Amino acid sequence: MYPRIICHKEKLRENAIRLQTHLEKRGITLFAVTKVFGADPNIIRILDDAGVHHFADARLLNLSHIEKIQGERMLLRIPMLSELEDVLRYADLSLQSELKTLRALNELCVERGKQHKVLLMIDLGDLREGIFSNDELKEVASELALMQGVQWVGLGTNLTCYGGVLPTRESLERLIQLRDFLEEDYKVDLPIISAGNSSSLYLVDEDWPKELNQLRVGEALANGTESSFGKNFIGLHEDVFTIEAQIVELKEKPSVPIGTRGKNAFGKEPVFEDYGIQKRAIIALGMQDTDPEDLVPILEGAKILGASSDHMIVDITHVRDALDVGSILAFRTNYRSVLRAYTSAYVYREIE
Ligand SMILES: *Cc1c(COP(=O)(O)O)cnc(C)c1O
């Protein structure tokens, strides 16, 4: 069935083993971030079998699909006050940055007789989530340290997500200093420092400070790249996922539309260059299924011209292979196109 996204099992398995071994050697616990593949249970099983046992996701619906694992489940997005029941149900630990939410979660823990671990997020300048001012940190810490329901186990940070601020050794060492100060002043034990996402990977080397002992990694595992510079990381496979779709129309047409032009389906006024008559294939794949700008045709000579919600137009004028209605076109992916494909209800999931 098409369109489909294929997860190449052996490549994913190798990525998991290589990354896990690399981080383990430096005393870092890996949390595999599952949002990019919608926490697909079959993919979770491949990772779990490969020795990656801790999983993290931004959505509780995704976490609810993760069952029978040996490790822990972490909620990545600061929870909504309306979903705290499910936080306790589907997550063993969560990232937090609001006192109001922590108070409510703590109350719920006490009421239910449940334990839940939290990492307090610190904003080191990227300006997405996290405590920013020292005054707020002190206010939150003094209450959090005394909470009986939620268990404060450490600090976390997130970089390069909104502001594109790169992690540096100095910024991460600030987290260690903050931790030491908090342990001392508030008489708490904060054994975990969660040093970020795939953007911190480029700093992981032989003298990585042992205090930074947790990383939450999605992109490197799924796409083989670290996210600070988009470079390959330790030889991980970049082609774990491919997307395939079927040709539904194949005709020769001019490259420039004919008639009076207004805006296209997405409110833009596109500009066209005249390449004469082109051989154009329409495939049954659109913006609703993936991001066409984040796909690369595997077939030599093929070029994506554009897409609307459900149709993608591919120029195949310079393709040597014989194509016809019904032929399948395959595409290389990146983080965004994989994320979209696993979010679309119209894309079939395969493991090969
Ligand atoms: C998505 C996410 C990650 C994983 O990021 P990658 O760049 O895919 O490794 C880590 N932490 C948080 C809070 C996230 O939202």
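About the criteria used
- Residues numbered from 1 in each chain as written.
- Predicted model: local features only at pLDDT ≥ 70, side-chain atom pairs only at ≥ 80, totals over all residues.
- Heavy atoms only, no water.
- Core = buried A, V, L, I, M, F, W, Y, C linked by side-chain atoms within 4.5 Å.
- Buried < 20%, exposed > 50% of the residue type's maximum accessible area, 1.4 Å probe, protein only.
- Helix = DSSP H or I, 4+ residues; strand = E, 2+ residues; numbered from the N terminus.
- Contact = heavy atoms within 4.5 Å.
- 1 Å grid on protein atoms, 1.4 Å probe; cavity = no way out; pocket = protein on both sides within 12 Å on 5 of 7 lines; lining within 4 Å.
- Points joined across faces, edges and corners; volume = space filled by probe spheres on them.
- Nonpolar A, V, L, I, M, F, W, Y, C, P; charged D, E, K, R; others polar.
- Patch = residues over 30% accessible without salt bridge, like charges linked within 9 Å, V, L, I, M, F, W, Y side chains within 5 Å.
- Areas by Shrake-Rupley, 256 points an atom, 1.4 Å probe, with all protein chains shown as cover.
- Salt bridge = Lys/Arg side-chain N within 4 Å of Asp/Glu carboxyl O.

(A) Examining the nonpolar core more closely. Grouped together as the largest cluster of nonpolar side chains are 90 residues, with contacts concentrated most on Leu 19, Leu 47, Leu 120, Leu 144, Trp 152, Phe 241 and Ile 283. Here this core gets 6 residues from one element, more than from any other, and that element is helix 7 (residues 169-186). If we ignore the near neighbours within four places in the chain, the residues touching Phe 241 are Ile 5, Ile 6, Cys 7, His 8, Phe 37, Ile 43, Ala 222, Thr 333, Val 338 and Tyr 342. Membership of the second largest hydrophobic core comes to 12 residues, among which are Leu 95, Leu 119, Val 153 and Ile 192.

(B) Expanded view of empty space enclosed by the protein. Across all of its chains, the model carries 1 cavity of 30 Å³ or more by this definition. By volume, the largest cavity is sized at about 50 Å³. The wall of the largest cavity is formed by Ile 122, Asp 123, Ile 131, Phe 132, Ser 133, Asn 134, Leu 137, Arg 174 and Leu 178. Among the secondary structure elements, those contributing two or more residues to the lining of the largest cavity are helix 6 (134-144) and helix 7. When its residues are assigned to classes, the lining of the largest cavity shows 5 nonpolar, 2 polar and 2 charged.

(C) Up close: a nonpolar patch on the surface. The grouping of Leu 127, Phe 132 and Tyr 162 at the surface amounts to a nonpolar patch, some 400 Å² of accessible area in total. Its place among the elements puts Tyr 162 in the loop between strand 7 (150-157) and helix 7. In this structure Tyr 162 comes out as exposed when scored by relative accessible area, which is 63%.

(D) Quick look at the layout of surface pockets. Of the volumes computed, that of the largest pocket is approximately 1,200 Å³. At the level of elements, strand 10 (241-254), strand 11 (277-283), strand 13 (303-307) and strand 14 (312-315) are the ones that each hand at least two residues to the lining of the largest pocket. By residue number, the principal contributor to the lining of the largest pocket is strand 13, which donates 5 residues. Considering only residue class, the lining of the largest pocket consists of 16 nonpolar, 9 polar and 11 charged. Taken as a whole, the second largest pocket encloses approximately 830 Å³ of empty space. Elements represented by at least two residues in the lining of the second largest pocket include exactly helix 3 (60-63), strand 9 (214-217) and helix 9 (335-343). With 4 residues, helix 9 is the largest single contributor of residues to the lining of the second largest pocket. For the lining of the second largest pocket, the residue count by class is 10 nonpolar, 10 polar and 8 charged.

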